[in-house]
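Observations on the model geometry
Now for the letters of each chain:
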Amino acid sequence: MATLITHSPILIIAIPLVAAFLTPLIGMAGSKARNTLVVVSLTFVAFLVFALARDVVANGIRVYTLGSASPSLTIPPGSMVPVRIILEVDAMSIFFGIIWAIVSLAAAMFSLSHIADETGQNRFYTLLLLMVTGGFGMMFTGDLFNLFVFLEIASISGGALIAFRTRSADTQEGGFKYIVVSAIAGLMILFATGLLYAQYNSLNMATLAHVIQFTASDKIALALLLVAFTMKTGMVPLHLWFPDAYSVAPASITGMLVITSHACMYAAFRVCFTLYGGVIDGLVVGWIIVITGLLTMFVGVTMAVFQKDVMRFMSYHAISQLGYMWVGVGVGLAVLGTPELGTYGRDAMTGGIFHILNHAMYKPLLFFTGGALFHCTGTRDLAKMGGLAHKMKWTAILYIIGTLSISGLPPLNGFSSKILIYESVYRFHPILTMTGIIVSILTLASFTKAFHSAFMGAELPEYEKVREVPRSMIIGMVILAAGIVFITLFPAQVVGWILRPAANALIDQGAYINAVMGAIP
Amino acid sequence: MTFILESGYSFWNPLVWIILFLVMMVLIYFFRRQGQEKYKKDTEQAQIFLCGAEVPAPGERHIRVGNIYWGFFETLKEYYNQILKLHTGIINDYVAWFVAVTAITAVILLMAGLGK
């Protein structure tokens, strides 16, 4: 077991990568064998992620040096700096890893029936597993160039999956927009990486964080990195591509795309807190993030209320919820290095990170229910739906769980994270809490509207033959609903086990540097 | 094992709310049981009554998504006019926004003298 945990950082990335290339081969033997390969490999990866999380929480940061005699040997003998590819897993990265493992498994389960009638399923699962590889790579990598490489892997496979249903034009348009936006963001990240490499002769984030000076070109690199990751996350005003792309993908993929947005958010936090943590004046960058978060919350929810397409409606809500996380962590950055960090900044960050976890459970669940509606009715137009709760009881119940959670209604888990955010950010500026509460009210109002439109009312004659979605789709949704129930019942345990360590890991730049560089002189 | 999440200013215990909901559900069930005893399911009693007027077909009487919150959208008409103009659906505009936001952020960072 110890050997398995030692090598788990690379195994978590390598297993879905190998499985991705095995999928077309195994797929030749039949769909059952292929589906088994996908589910088994993702289940094993989830097991490794939880085992690694337990180890990281108990023993601290784990580094893995590729090609070295020992995985922990980050700096080769005779050298002053790390030269090999290094994976660095702290509580923050493993927290995102846990989310990714759960959602990708749920998405794979959901896909088994959701795309069962589509052609090109071998390619679908290959791309899905490649996307999983890219996501884990982004979360675990310790250097900037590999962050770019893994982002590209996740983006290219994500773009192809958005355009998977080739029979309709909007999927092709959505995929095209996603690829263009991803390519531009990727190029800017590569350019920023080049700026930093030209000055400091290193790509390793810990090394860069140790030596960075915050020169004019460092500031330009920061602007490029921050805005590129902001756009990939889907923050206002760079969110415009988000509903166009996310609403047309198969629902299981949309659920995963939400977590790739989280991965880009993770990268933005890593850049601000770890890479630039020692030199940045957090107040200005923190306020930039907080204002972006506020705009995102408000514009996202007001656009969502307006929507009639169920998947665009869900997409705008996903954007809106990203704002809460941005505000929570932004407040933490704004007070970084001040006494306020201890009084409320750390709680704001914990609340923001808690909301990432909650969002990762209820948002894919809600996208899956949207996908279930599309699966059964053949339309995404809420105006054409009605009375579906009579036929789709499980979907209706799971939709209600997701709705109560996203709206922050007690006792659901969404309330736990929102109360942490509201109480702490109020002390930074009351307008943040007020906006948050208004957005929550609008969220509940719009989900009630969508619920009424799709599920309530008498049975409509056009949906007389509609039946509940197949079992594997229900299982995919139930996995996420179970996560919601668990977090609802045990918020203190979840916060204590992984969320506070994740917030502390983000704040503790020295520990991240020391894990690679040794003790800082 | 504690169910209490402490935020530093207050605390949150989901169990209290869950117990409260269960008690409320029992009370609701109790009051519902006190209702009309002569009610018979799937009889004429369960039919919709509209003061004698003809009841529209299910599809016609379902309030569709476009008719909900009309007053809200009417009040915020100006806001929606402006915000919808930004959502052009044209990829060139998306890239233009990216360029503009990057330039503004870079200028703020360069001008603000952020170095400690």
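**A few points about the overall build of chain B**
Helix and strand counts for chain B stand at 5 helices and 2 strands. Moving toward the C terminus, one meets the helices and strands of chain B in the order β-β-α-α-α-α-α. By the compact-globule yardstick of 13 Å for 116 residues, chain B is too spread out, its C-alpha radius of gyration being 28 Å. Here the C-alpha coordinates of chain B stretch approximately 80 × 55 × 25 Å along the principal axes. Counting across all 116 residues of chain B, residues that qualify as buried make up 9%.

**Description of the overall build of chain A**
In terms of regular secondary structure, chain A is built from 19 helices and 2 strands. For the C-alpha atoms alone, the extent of chain A along its principal axes is close to 75 × 60 × 40 Å. Put simply, chain A has 521 residues, and 64% of those count as buried.

**Structural notes on the nonpolar core**
All names here are of chain A. Membership of the largest hydrophobic core comes to 212 residues, with the highest contact counts inside it found for Leu-225 and Ala-502. Counting residues per element, this core draws most heavily on helix H13 (residues 340-377), at 18 residues. Excluding residues that lie within four positions of it along the chain, Ala-502 makes contacts with Ala-91, Met-92, Phe-95 and Ile-353.

**Digging into unusual backbone geometry**
Residue and element names in this part refer to chain A. The linkage connecting Val-236 with the following residue, Pro-237, adopts the cis geometry, with an omega of 5°. Structurally, Pro-237 is set in the loop between helix H8 (216-233) and helix H9 (241-246). Here the amide bond leading from Pro-410 into Pro-411 is cis, since omega sits at 10°, within 30 degrees of zero. Position of Pro-411 relative to the elements: it lies in the loop between helix H14 (393-406) and helix H15 (413-425). For Phe-214, which is not glycine, the phi torsion reads 70° and is therefore positive.

**Points about the confidence of the model for chain B**
In this model, chain B carries an average pLDDT of 87, and 95% of its residues clear a pLDDT of 70 or more. Here the predicted complex carries an ipTM of 0.91, next to a pTM of 0.93.

**With respect to the pairing of strand E1 (residues 62-65) of chain A**
Residues and elements named next belong to chain A. What you see with E1 is no split at all: Arg-62 and Tyr-64 on one side and Val-63 and Thr-65 on the other are buried throughout. Pairing of E1 with strand E2 (residues 86-89) involves 4 bridges; the strand directions are antiparallel. When the sheet's bridge partners are listed, Thr-65 is paired in E2 with Ile-86.

**Observations concerning the interface of chain A and chain B**
You'll often see interface size given as the accessible area lost when the parts meet. Counting residues at the interface gives 54 residues for chain A and 41 residues for chain B. Where the side of chain A that touches chain B is concerned, the elements lending two or more residues are helix H6 (169-200), H8, H9, helix H11 (282-306), H15, helix H16 (430-455), helix H17 (471-489) and helix H18 (491-507) of chain A. A total of 9 residues in the side of chain A that touches chain B trace back to one element, the largest contributor, which is H8 of chain A. A class-by-class count of the residues in the side of chain A that touches chain B yields 37 nonpolar, 8 polar and 9 charged.

**With respect to helix H10 (residues 251-275) of chain A**
For H10 of chain A, spanning 25 residues, the distance from its first C-alpha to its last is 35 Å, which sits close to the expected 36 Å at 1.5 Å a residue. Where burial is concerned, most of H10 of chain A is hidden: 25 out of the 25 residues are buried.

**Quick notes on the packing of H6 of chain A against H8 of chain A**
Residues and elements named next belong to chain A. One way to put it is that H6 packs onto H8 with a least axis distance of 9 Å and a crossing angle of 155°. On the basis of their axis angle, the class for H6 and H8 is roughly antiparallel. Like other packed secondary-structure pairs, H6 and H8 cross with a definite hand, here left-handed. In this structure, H6 contributes Val-181, Ser-182, Ala-185, Met-188, Ile-189, Phe-191, Ala-192, Leu-195, Leu-196 and Gln-199 to the contact, and H8 contributes Ser-217, Ile-220, Ala-221, Leu-224, Leu-225, Ala-228, Met-231 and Lys-232. Of the residues that constitute the contact of H6 with H8, the class distribution is 14 nonpolar, 3 polar and 1 charged.

**Description of the environment of Glu-118 of chain A**
Residues and elements named next belong to chain A. Topologically, Glu-118 is positioned in the loop between helix H3 (91-114) and helix H4 (121-140). Taking the C-beta count within 10 Å as the criterion, Glu-118 has 14 such neighbours and is therefore assigned partly exposed. When the C-alpha positions of Glu-118 and Ala-515 are compared, they lie 47 Å apart, and in sequence the two are 397 residues distant.

**So, the packing of H3 of chain A against H4 of chain A**
All names here are of chain A. For the pair H3 and H4, interaxial distance at closest approach is 9 Å and the crossing angle is 170°. The angle between H3 and H4 falls in the class roughly antiparallel. Judged by residue contacts, Ser-93, Phe-96, Gly-97, Trp-100, Ser-104 and Ala-108 of H3 engage Leu-128, Val-132, Gly-135, Phe-136, Met-139 and Phe-140 from H4. Residues that form the contact of H3 with H4 fall into these classes: 8 nonpolar, 4 polar and no charged.

The rules behind each value
- Residues numbered from 1 in each chain as written.
- Chains lettered and ligands numbered in written order.
- Predicted model: local features only at pLDDT ≥ 70, side-chain atom pairs only at ≥ 80, totals over all residues.
- Helix = DSSP H or I, 4+ residues; strand = E, 2+ residues; numbered from the N terminus.
- Rg over C-alpha atoms; globule rule 2.2 N^0.38 Å.
- Buried ≥ 20, exposed ≤ 12 C-beta atoms within 10 Å, placed from the backbone.
- Core = buried A, V, L, I, M, F, W, Y, C linked by C-beta atoms within 7 Å.
- Contact = placed C-beta atoms within 7 Å.
- pLDDT = per-residue confidence, 0-100.
- Pairing = 2+ DSSP bridges.
- Nonpolar A, V, L, I, M, F, W, Y, C, P; charged D, E, K, R; others polar.
- Expected span 1.5 Å × (residues − 1).
- Axes fitted to C-alpha atoms, helices over the stretch in contact; angles between N-to-C directions.
- Parallel < 35°, antiparallel > 145°, perpendicular 65-115°, else oblique.
- Left-handed = near helix turned anticlockwise from the far one by under 90°.

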